[in-house]
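# Observations on the three-dimensional arrangement
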Amino acid sequence: MAEFPFATVTANELSFAERDERYRRLHDWPQPTYRHSSGLRMIWKYEDVREVLEAASAAITPANALEPLVGYPRVAATPRAIPHLVRHLVPLPAKATADLTDRRLHKKVWDTMSGPAGHFRIPAADRPRQAAAMEQHFHAALDELETGTGELDLTALSIAYATRVTGSMVGLPAAEWRRVAVWSGAQSGLLGRRMRGRELAGAVAALGQLFTVSGRAVDHNLRSGTVGFATRLRDAGIPRRVAVSAMANSLAAGVHTVSGTIQQGVQRLLSDPDRIWWDMLAEPDTAGRVAAKMLQLDPGLVAWKRRALRPVTLASGTELPAGPVLVMFAAANRDPAAFPDCLSLRRGGKMPLTFGFGAHTCPGKQCATLAVEVFLHQLHALVPEARLAAGPPDPRPGPDLLFSGARVRLARDRRV
Ligand code: HEM
């Protein structure tokens, strides 16, 4: 029997063409679930993914969503990690978002972020102003990076940009933005990579620093009275500890999701010899359609975790044993049963599950969508003739079950 397409590789290690091929084979796989060597049970069919993300049944919980992939016992058994744990993470941070199971408190936090007047919401009338602010972040990130050579490090640019966008949205002082890019990368790795020793300790330190800096930012914003994320959370009656976690979770959530989408998207767009989708970035309207497609096919976050508390039979008949589940929503976004031709811009389908489904749906969805769109449009305006840099392909990032990105360098002139 053929090997399961994601038995030994993750999306993060594949080029977009290899991903297309493996996701296609995944949807031909005869069973609807697969027990991965990490201990997670993988699911990928659209209806199953939506049902498990929604976690409406008491048998499915999001409580494990932010657990390190290697588990807490491994972290506690890593001597180098202990000082960081003690320094930054004792007492343990409050749960505020993805892993919070107190439904009333979660709804309060979520509504403050994404309810009708939520902090991350972008009303239609405010869209041009927000887009202009993101444009400025694009150019500021570019200035920081400018090397004067003919090449552009797209990966670094997209990370600097996403950090600025997310950092400014939650009210993090500009002086911290650069370091947050590093911390959120390490924190993201903790969730989806099998880390050990020094690397694991480094990631715990980064996670701790993210919480420490979030605590300082919340206190600073409350003292100064600047209206923003921190004051909104306070005015909604949310305790400080929970507000600090809401800020740290948002910072961790926003950076590599947005930048990974951009990296993989640009790689796909510039690999097409006819550059049809790339050229559509010239107009804001069509750029929006291309950005939405990139978010469907190659999001920077490809899967999320849930736990089945007991054996569950899903509405489709798929049976899940008790235990942790890897909900592969980027795979579900290509399920032929939901999307007749996922690689076409014309043929629609169901709503992609990139931003989750149900009570925990990503509150940053509108910001993230606009951020990807603005970046791609600005990049095209800056270097319409760009191409992928020549030379040996950049090394692929390592295995990661949740996050996915690409190392991309651009040559500014198509003819070089
Ligand atoms: C392309 C970019 C992004 C993708 C693909 C993405 C995806 C997701 C997904 C799938 C979830 C659901 C988690 C669950 O069901 O438990 C989620 C939750 C979340 N996202 Fe995003 N996200 C993105 C950008 C952002 C940004 C920019 C922010 C910050 C402003 C953000 C903040 C959050 C937070 C705080 C949660 C937890 C929500 C909760 O549990 O109530 N995300 N995101």
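Residues numbered from 1 in each chain as written. Predicted model: local features only at pLDDT ≥ 70, side-chain atom pairs only at ≥ 80, totals over all residues. Heavy atoms only, no water.

### Quick word on the overall build of the protein chain
We count it as follows: Comment: elements are numbered from the N terminus, with helices defined as DSSP H or I runs of at least four residues and strands as E runs of at least two. Restricting the calculation to C-alpha atoms gives the radius of gyration, and the globule rule supplies 2.2 Å times the number of residues raised to the power 0.38. Only protein chains enter the accessibility calculation, which uses a 1.4 Å probe. A residue is then buried if its area is under 20% of the maximum for its type, exposed if over 50%, and partly exposed in between. By definition, residues are in contact when any of their heavy atoms lie within 4.5 Å. A 1.4 Å probe and the Shrake-Rupley method give the accessible areas. Residues count as covered only by the protein chains that appear here. When charges are counted, Lys and Arg are positive and Asp and Glu negative, with His and the chain ends excluded. Working definition for charges: the position is that of NZ of Lys, CZ of Arg, CG of Asp or CD of Glu.
Scanning the protein chain for helices and strands turns up 15 helices and 10 strands. Compactness check: the protein chain gives a C-alpha radius of gyration of 21 Å against a globular reference of 22 Å for 416 residues, within 12% of the reference. Seen along its three principal axes, the alpha-carbon backbone of the protein chain occupies a region of about 60 × 55 × 45 Å. Residues classed as buried in the protein chain amount to 55% of the 416 residues present. When contacts within the protein chain are restricted to residue pairs at least 6 apart in sequence, those whose partners lie at least 24 apart make up 73%. Carbon together with sulfur atoms contributes 56% to the accessible area of the protein chain, which is approximately 18,200 Å² in total. Where the 52 positive side-chain charges of the protein chain centre and where its 39 negative ones centre are 7 Å apart.

### With respect to the coordination of the iron atom of the ligand
Rule in force here: The donor set covers N, O and S atoms within 2.8 Å of the metal, switching to 3.2 Å for Na, K and Ca, and it leaves out water, so a site may look short of donors.
A lone protein donor binds the iron atom of the ligand: Cys-362 (SG), at 2.3 Å. Topologically, Cys-362 is positioned in the loop between helix 14 (329-332) and helix 15 (365-382).

### Some details on the environment of Arg-289
Positionally, Arg-289 belongs in helix 13 (residues 284-297). The exposure class of Arg-289 is partly exposed, given its relative accessible area of 42%. Distance in space between the C-alpha atoms of Arg-289 and Arg-194 is 35 Å, their sequence separation being 95 residues.

### Focus: the packing of helix 6 (residues 127-145) against helix 15
Applied cut-off: Each axis is a line fitted through C-alpha atoms, taken for helices only over the stretch in contact, and angles between the N-to-C directions span 0 to 180 degrees. Here roughly perpendicular refers to angles of 65 to 115 degrees, roughly parallel to angles under 35, roughly antiparallel to angles over 145, and oblique to all remaining angles. In this scheme the handedness of a crossing depends on how the near helix is turned from the far one: anticlockwise by less than a right angle means left-handed, clockwise means right-handed. Ten residue types, Ala, Val, Leu, Ile, Met, Phe, Trp, Tyr, Cys and Pro, are classed as nonpolar, four, Asp, Glu, Lys and Arg, as charged, and the remainder, Gly among them, as polar.
Running from N to C, helix 6 and helix 15 cross one another at 55°; their axes reach a closest spacing of 9 Å. Compared by their axis directions, helix 6 and helix 15 come out oblique. Between helix 6 and helix 15 the crossing geometry is right-handed. Each of Arg-127, Gln-130, Ala-131, Met-134, Glu-135, Phe-138, His-139 and Leu-142 in helix 6 lies in contact with helix 15, whose residues at this interface are Cys-367, Leu-370, Ala-371, Glu-373, Val-374, Phe-375, Gln-378, Leu-379 and Leu-382. Along the lines of polarity and charge, the residues of the contact of helix 6 with helix 15 split into 11 nonpolar, three polar and three charged.

### Overview of the site of the ligand
Note the cut-off: Residue proximity to a molecule or strand is established when one non-hydrogen atom of the residue lies within 4 Å of it. Polar contacts, as counted here, are pairs of nitrogen or oxygen atoms within 3.5 Å of one another; within protein the pair requires one atom able to donate a hydrogen and one able to accept it, and residues that are adjacent in sequence qualify only if both atoms are side-chain atoms. Any residue with an atom within 4 Å of a point lines the site, the site being either a cavity, points on a 1 Å grid over the protein atoms alone where a 1.4 Å probe fits but cannot get out, or a pocket, an open set with protein on both sides within 12 Å along at least 5 of 7 lines. Any molecule with more than half of its atoms within 2 Å of a cavity's or pocket's grid points is counted as sitting in it.
Every one of the 25 residues lining the ligand counts as a neighbour, but His-106, Trp-304, Arg-306, His-360 and Cys-362 are closest to it. A distance of 2.7 Å separates an oxygen atom of the ligand from a polar atom in the side chain of Arg-306. His-360 places a polar side-chain atom, nitrogen or oxygen, 2.6 Å from an oxygen atom of the ligand. Applying the majority rule of atoms within 2 Å of the grid points places the ligand in the largest cavity. Contributions of two or more residues to the shell around the ligand are made by helix 5 (103-114), helix 11 (240-271) and strand 5 (304-308). For the shell around the ligand, the element with the highest residue contribution is helix 11, accounting for six residues. Of the residues contributing to the shell around the ligand, the split by class is 14 nonpolar, 10 polar and one charged.

### Section: the sheet that holds strand 1 (residues 33-35)
Which entries qualify depends on this criterion: Strands were regarded as paired on the criterion that DSSP finds at least two bridges between them.
Spatially, five strands are ordered 1-2-8-5-3 in an open sheet, and the strand pairing comes out mixed. Strand pairing shows two members of the sheet lacking a second neighbour, strand 1 and strand 3 (60-61), which therefore form its edges. Against the sheet, helix 2 (residues 46-54) touches strand 2 (41-43), strand 3, strand 5 and strand 8 (323-327), its axis set at about 125° to strand 8.

### Quick notes on the pairing of strand 5
Within strand 5, four of the five residues are buried, leaving the element largely enclosed by the surrounding structure. As defined by bridge partners, strand 3 adjoins strand 5 across two bridges and the pair is classed as antiparallel. Following the sheet pairing, Thr-61 is matched in strand 5 by Arg-307. Pairing between strand 5 and strand 8: five bridges, direction antiparallel. Across the sheet, Arg-306 pairs through a bridge with Val-325, a residue of strand 8.

### Considerations on helix 5
What counts, and what does not: One less than the residue count of a helix, multiplied by 1.5 Å, gives the span that helix is expected to have.
Spanning 12 residues, helix 5 covers 15 Å between terminal C-alpha atoms, matching the ideal 16 Å at 1.5 Å per step. Taken residue by residue, helix 5 has His-106, Val-109, Trp-110, Thr-112, Met-113 and Ser-114 as its buried positions. Here the buried face of helix 5 lies against helix 10 (229-235) and helix 11.

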